[in-house]
Amino acid sequence: MRKLSLLSGLLLTTGLAAPALSDGHLQIVDEPLTLTIQMNHKRYPTYQEDWPVEQAARAMTGISLQDATVGANITSDQENTGKTEALNLMLASGAIPDIVGSSRLKDFVNQFGPEGAFIPLNDLIDEHAPNLKAFFESRPEIANAISAADGNMYYIPYLPDGKYGRAFFIRYDWLDKLGLEVPQTVQEYEDVLVAFRDGDPNGNGLKDEIPYFARQWPEMIRLVTLWDGRSSGSDTYHDFYVDDGQLKHPYAGEGYREGIKNLARWYEMGLIDAEVFTRGSSSRDYLLSENLGGATHDWFASTSGYNTSLADKVDGFAFKAFAPPASISGVRMEEHRRIPIKPDGWAIGHTNEHPVETIKYFDFWFTEEGRRLANFGVEGEHYTMVDGAPVFTDEVLNSDQPVNNQLYGIGAQLQARGYFQDYEYEKQWSNKFALEGIALYDEGDYLIDQFLGVAFNTDEQKVYDKSWGSIRDYMLERQQAWILGTGDVEADWDDYMATLNQMGLQDVLGVMQSAYERQYGG
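On a predicted model such as this, the values are computed, not experimentally measured, just so you know. (Residues numbered from 1 in each chain as written. Predicted model: local features only at pLDDT ≥ 70, side-chain atom pairs only at ≥ 80, totals over all residues. Heavy atoms only, no water.)

Student: Now, about the sheet that holds strand 6 (residues 210–212): what can you tell me, with residues and values included?
Tutor: Pairing in this open sheet of four strands is mixed, and the strands run 6-9-5-10 from one edge to the other. Edge positions in the sheet fall to strand 6 and strand 10 (319–322), since each has one partner strand and no second. Mean inter-strand twist for the sheet, computed between neighbouring axes without regard to direction, equals 35°. Examined bridge by bridge, strand 6 and strand 9 (residues 293–299) share two bridges and lie parallel to one another. From the neighbouring strand, Y212 faces strand 9, where its bridge partner is A295. Sheet contacts for helix 20 (residues 432–444): strand 5 (166–171) and strand 10; angle to strand 10, the most-contacted strand, approximately 15°. (Pairing = 2+ DSSP bridges. Helix = DSSP H or I, 4+ residues; strand = E, 2+ residues; numbered from the N terminus. Axes fitted to C-alpha atoms, helices over the stretch in contact; angles between N-to-C directions. Contact = heavy atoms within 4.5 Å.)

Next up, the structure:
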């Protein structure tokens, strides 16, 4: 992309704008202002101007957003498969809207922002966005993590709240039926899965139990932690991780090799769902409702919910979290946690003629009222204030539709919006089983630090783009082959590592390391 230059008039506009709102009022403009937006995310492929949350924000701020999304790729089941592709199509069209909100936005804006496609936000935040400024001053690690190689911030991220995400779950009712204790080590975990396979815990006289299953197959790969391997450094699958200040990739480690060897053995033994790579996101619903699934690794709130929803269908059903089994070296570790920052969020396009009003609009979502709107929806419709705190209405909490899905449908909890999530929203629909599991994990202190990502300069980006995609594809191809038994990780390992190095893994790690040290002062 050729170098773009911002108009000098833009700077004049910034300098002449009214001072930032600091007296508690939310109105941003005297006359209604419409800004165009590209919003593209798996859950909501285009921006919906009739979302109740959008209408409330319009009334509060005087600014409305008009959908200008291009490139959304909608399948028959309404799933958006575009995302990065949509961003590329938008850029190629030459028509960048006033606001660009997307999943996977970080790398895109940090590459094309320094070339002029997006407006740097640092000065705008400093001068016109007091709530954003206060947030970044209180969380400098977040500011570092989202900054591009030139030191500028080009997007406001979606910021998850809370510590805990996924956990180990197991059928306590099956344990009781077979006279087993909750497994405490990897060997005990294997013994329990064998018993689930052979002991007919569902009582139907058939050997049809699926000891371990996973909605997302990388959650099965995460089990390599039980053999002191790693599967990711963040809540993004297959990500790099930091080991004592050094960037590494988990799929090139000795613990990973040992883990894959044992996962292949578990798969061959029938301890892992034979359809783990193909069954997909419906596996949890199907295998639990049919009383077939024994154990998994999945989200606290949604997985614990089955204890309520299946209570009348499966006699004695109890699917609860248990502490991570100790690995072969005795380490109990929960690799997954809520990352404090996502690569999703929104940015300001370079042709935006109202950058000050736009950054104030971004800042609105970091006010008390704006954050509440983004998290809970519209007061009186979706929640009421009780003792100074938002509480979802009975209609929301008791609906047949999950609370988070209801919120997506009204324009709340949008990950392609830059906002700070409030974990209290999830806590309200987390049942006692989820809260008990979280308390168990909190007491054990099993979480580990996460890699927050890096921003490349132009030369580093070229190295990464040249090699990483093909390296990652090769890693995943070999990974699946080893699990399915069409290869032998022990016999193949030396050739595997040699191939990775020939493909440029060390070069990729090198630019990752240089970017990391520049960004975080390592």
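Student: Which residues make up the nonpolar core, and what values do they have?
Tutor: By size, the foremost hydrophobic cluster in this structure holds 77 residues, and its most contacted members are F118, F136, W346, Y361 and W365. Examining the composition of this core, we find that five residues originate from one element, helix 15 (residues 355–364), more than from any other. The contact partners of F118, leaving out residues within four places of it in the chain, are M90, I96, V100, F108, V109, F112, G113, Y154, A347, I348, G349 and H350. Counting 76 residues, the second largest nonpolar core, distinct from the first, contains F169, Y189, I272 and L288. (Core = buried A, V, L, I, M, F, W, Y, C linked by side-chain atoms within 4.5 Å. Buried < 20%, exposed > 50% of the residue type's maximum accessible area, 1.4 Å probe, protein only.)

Student: Outline the environment of Q480, supporting the account with residue identities and numerical values.
Tutor: Topologically, Q480 is positioned in helix 21 (residues 458–484). Residue Q480 is classed as partly exposed on the basis of its relative accessible area, which comes to 33%. Separated by 370 residues in the primary sequence, Q480 and N110 have C-alpha atoms spaced 32 Å apart.

Student: Would you mind going over helix 6 (residues 130–138) in detail, with residue names and values included?
Tutor: Among the residues of helix 6, L132, F135 and F136 are the ones counted as buried. Down the axis of helix 6, the buried set is contained in an arc of 90°. They therefore lie on one face. Among the exposed residues of helix 6, those pointing more than 90 degrees away from its buried face are E137 and S138. Those residues of helix 6 that are buried are in contact with helix 5 (122–128), helix 7 (140–146), strand 4 (156–157) and helix 15. (Arc of directions from axis to C-beta.)

Student: I'd love a proper account of the pattern of salt bridges, names of residues and values included.
Tutor: A full pass over the atoms with the stated rule returns 28 salt bridges. With a closest N to O distance of 2.9 Å, R265 and E190 form a salt bridge. Placement of R265 in helix 11 (residues 254–268) and of E190 in helix 9 (residues 186–198) is noted, with a sequence separation of 75 residues between them. Exposure remark for R265: the relative accessible area of 31% places this residue in the partly exposed category. Residue classification places E190 among the buried residues on the basis of a relative accessible area of 10%. Taken together, the shared-partner salt bridges in this structure form one network comprising R166, E219, R222, R230 and E335. (Salt bridge = Lys/Arg side-chain N within 4 Å of Asp/Glu carboxyl O.)

Student: If you had to explain the packing of aromatic side chains to someone new, which residues and values would you point to?
Tutor: Under the definition given, this model contains 41 aromatic pairs. Relative to W266, the ring of Y189 has its centre 5.9 Å away and its plane inclined at 75°; by these criteria the two rings are edge-to-face. Of this pair, Y189 sits in helix 9 while W266 sits in helix 11; the two residues are 77 residues apart in sequence, bridging distant segments of the chain. Residue classification places Y189 among the buried positions, given a relative accessible area of 0%. Taking relative accessible area as the criterion, W266 reaches 0% and is therefore assigned buried. Residues W346 and F362 carry aromatic rings whose centres are separated by 4.7 Å and whose planes lie at 10° to one another, so their mutual orientation is stacked. Of this pair, W346 sits in strand 11 (residues 345–348) while F362 is found in helix 15, placing the two residues 16 residues apart along the sequence. (Phe/Tyr/Trp six-rings, centres within 6.5 Å; stacked < 30°, edge-to-face > 60°.)

Student: Please provide a residue-by-residue account of helix 18 (residues 403–410), values included.
Tutor: With six of eight residues buried, helix 18 lies mostly within the body of the structure. Restricting attention to buried positions, one finds in helix 18 the residues V403, N404, Q406, L407, Y408 and I410. Buried residues belonging to helix 18 abut helix 2 (52–61), helix 16 (368–376), strand 13 (389–392), helix 17 (394–397) and helix 19 (424–427). Phi turns positive, to about 95°, at G411, one or two residues after helix 18.

Student: Describe the environment of T384, naming the residues involved and giving the relevant values.
Tutor: Relative to the helices and strands, T384 resides in strand 12 (residues 383–386). For the pair formed by T384 and R139, sequence separation is 245 residues and the distance between their alpha carbons is 30 Å. Sequence-distant contacts of T384, that is, excluding residues within four places in its chain, are made with A389, P390 and V391.

Student: Could you give an account of the pairing of strand 5, naming the residues involved and the relevant values?
Tutor: Burial within strand 5 is extensive, with six of its six residues counted as buried. Residues of strand 5 alternate between two faces, with R166, F168 and I170 on one and A167, F169 and R171 on the opposite face, all of them buried. As paired elements, strand 5 and strand 9 share five bridges and run antiparallel to each other. The partner of F168 across the bridge, within strand 9, is H297. Relative to strand 10, strand 5 runs antiparallel, the two being bridged by four bridges. Bridge pairing in strand 10 places I170 opposite K320.

Student: Describe in detail the sheet that holds strand 4, supporting the description with residues and values.
Tutor: Ordered by their spatial adjacency, five strands build an open sheet running 2-1-3-11-4, and the pairing between neighbours is mixed. Each of the sheet's edge strands pairs with one partner strand only, and the pair in question is strand 2 (63–67) and strand 4. Pairing of strand 3 (residues 99–102) with strand 11, which is carried by four bridges, proceeds in the antiparallel orientation. Across the sheet, residue G101 finds its bridge partner in strand 11, namely W346.

Student: Summarise the pairing of strand 1 (residues 33–40); cite the residues concerned and give the values.
Tutor: Burial runs high along strand 1: six of the eight residues are buried. Pairing geometry for strand 1 and strand 2, over five bridges, is parallel. When the sheet's bridge partners are listed, T34 is paired in strand 2 with S64. Across four bridges, strand 1 lies against strand 3 in parallel orientation. Residue pairing across strands places Q38 opposite V100, the latter belonging to strand 3.

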